[in-house]
Each structure stands twice: as structure tokens, then as C-alpha cells.
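Here is what each chain is made of, one letter per residue.
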Amino acid sequence: MNNESTAKNLKSITITEGKWSNAISEEINSSGVTESNVTWHSTDPEVASVNELSGNIYANAPGSATIYSTSNNSGARNDYLNVNVSRKIQIQSITLNTN
């Protein structure tokens, strides 16, 4: 897995296209809720999809989406994370000047 690390308790993250992040599952788990009691969904899976079991987010294409989590526990906790996906830049060539 090509994972991008993020800090906990964020409401917005940027992930490079083609990368994974576990930011939302870390935040939910830090509150004492187990993953089996949480469901996740994305407002735009073509931009950022979320694994319904783990909460890991995959950056599919440049753009913005919101990932929502819903706890099924008593005292349910609902949360969200805005995800911005940046374009992956591929370097075509590098020229070194030896002067």
C-alpha cells in the first residue's frame, strides 16, 4: 500500500492521486469506536473512494470529495473529512548542468 501519513483530528487533507490515506480511520479509532461499528461513504468516489471495512481512502483523480463516517454504537458519533486530491506529476526527464 502506498500510504500518505496525516495528522489526527483534521477536517481536511490533501492526498496525491494514486495514494492511500488512513486519516479518517485513525481519527475514528482514537475516539474508542471500533471499525466494525462504523460505516464510511464518499460524496464522489471517482475522486476519492473509501474502503467500507477499513476506512482507508484512495485518491483516484484530482478534485474534492467529502468522506463521511457514521458510528452504529449507542451515543453514535458521525464525522467527516474533506479530501482534496492533487494531480500526480510525472517527471519526463532531468538535465544536469555540470558548469
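Remember, predicted model here, so these are calculated numbers, not experimental data. (Residues numbered from 1 in each chain as written. Predicted model: local features only at pLDDT ≥ 70, side-chain atom pairs only at ≥ 80, totals over all residues. Heavy atoms only, no water.)

1. Observations concerning the overall build of the chain
If you tally the helices and strands in the chain, you get one helix and seven strands. Reading the secondary structure of the chain in the N-to-C direction produces β-β-α-β-β-β-β-β. Counting the 99 residues in the chain, one finds 32% classified as buried. Counting only contacts in the chain whose residues sit at least 6 apart along the sequence, the fraction spanning at least 24 positions is 49%. Accessible surface, the chain: about 6200 Å² in total, of which carbon and sulfur atoms supply 46%. (Helix = DSSP H or I, 4+ residues; strand = E, 2+ residues; numbered from the N terminus. Buried < 20%, exposed > 50% of the residue type's maximum accessible area, 1.4 Å probe, protein only. Contact = heavy atoms within 4.5 Å. Areas by Shrake-Rupley, 256 points an atom, 1.4 Å probe, with all protein chains shown as cover.)

2. Concerning the sheet that holds strand β4 (residues 48–50)
Pairing is antiparallel in the open sheet, where three strands are placed in the order β2-β5-β4. The two strands at the open ends of the sheet, each matched to only one other strand, are β2 (20–21) and β4. Sheet topology note: the β2/strand β5 (residues 57–59) ladder contains two bridges and is antiparallel. Bridging across to β5, S21 finds its partner in I57. (Pairing = 2+ DSSP bridges.)

3. Thoughts on the nonpolar core
In globular proteins that are soluble, nonpolar side chains generally tend to be buried together. Ranked by internal contacts, the top residues of the largest apolar core, which has 14 residues, are I15, A48, I57, I67, V83 and V85. Residue contributions to this core peak at three residues, all from strand β7 (residues 78–86). In contact with V83, other than residues within four places in its own chain, are I13, I15, A48, I57, G63, S64, A65 and I67. (Core = buried A, V, L, I, M, F, W, Y, C linked by side-chain atoms within 4.5 Å.)

4. Observations concerning the sheet that holds strand β3 (residues 38–42)
Within the open sheet, the four strands sit side by side as β1-β7-β6-β3. Their pairing is mixed. Edge positions in the sheet fall to β1 (12–16) and β3, since each of these pairs with one other strand and no more. On average, each strand axis in the sheet is inclined to that of its neighbour by 25°, with strand direction left out of account. The pairing of β1 with β7 spans five bridges and is classified as parallel. Pairing of S12 across the sheet is with N82, part of β7. (Axes fitted to C-alpha atoms, helices over the stretch in contact; angles between N-to-C directions.)

The quantities given are spatial measurements derived from coordinates; they are silent on function.
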